[in-house]
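# Per-entry structural report
So you can see what is in the structure, the chains are spelled out below.
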Amino acid sequence: MKTKYFLIFLVLLLSVVFHDIVQAQSCLVMEYDADGNRISRQVTTNCIEKREIAEVQETETYEDVDVYPNPNNGMFIIIMQDCVKQEAACYELFDVNGMMLLSGKLHENETEVDVGTVPVGVYLLRIKNGENVISKVIVIN
């Protein structure tokens, strides 16, 4: 019984002493450029994980747009507060294949959109207001 504990102690002691020399695991280290392309690949025995995140550029979004009701049954209202360029504000409705089904201009702060001829499904509503573009998912049931 004592030899069993002695062997366990010996193995633990040796693993502490030789942990820099003997590695049971190797790591794959890859480096990427700013566009996400891999520029190098290396297999190492020292498994220290290092993650660097490039600086993220934040862009301002125009969030003062509401679409209700959503889901709807063929009729919804787009509400856009403080429209920057009212004469240039428009909407486009796309299906999941990217085909434009409907488009129109936004009127004042509220615009009612009738999509009664569009089949039931999930659609993408893109709202353009000057240089701002907002996308919303619309469910028609």
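Let us look at the structure shown here. (Residues numbered from 1 in each chain as written. Predicted model: local features only at pLDDT ≥ 70, side-chain atom pairs only at ≥ 80, totals over all residues. Heavy atoms only, no water.)

Examined against the element boundaries, Asp95 turns out to sit in the loop between strand E5 (90-94) and strand E6 (100-105). In this structure, Asp95 is buried with no salt-bridge partner, the nearest side chain bearing the opposite charge being Arg126 at 11 Å. Within the structure, the side chain of Asp95 is placed 2.8 Å from the backbone nitrogen of Met99, a separation counted as a polar contact. (Helix = DSSP H or I, 4+ residues; strand = E, 2+ residues; numbered from the N terminus. Buried < 20%, exposed > 50% of the residue type's maximum accessible area, 1.4 Å probe, protein only. Lys, Arg positive; Asp, Glu negative; His and termini not counted. Salt bridge = Lys/Arg side-chain N within 4 Å of Asp/Glu carboxyl O. Polar contact = N/O pair within 3.5 Å; in protein donor to acceptor, adjacent residues only side chain to side chain.)

Time to look at the environment of Ser40. Positionally, Ser40 belongs in strand E2 (residues 38-44). The exposure class assigned to Ser40 is partly exposed, which follows from its relative accessible area of 27%. The sequence separation of Ser40 and Val29 amounts to 11 residues, and the corresponding C-alpha distance is 8.1 Å. Ignoring sequence-local partners within four residues, the contact set of Ser40 consists of Val29, Met30 and Glu31. (Contact = heavy atoms within 4.5 Å.)

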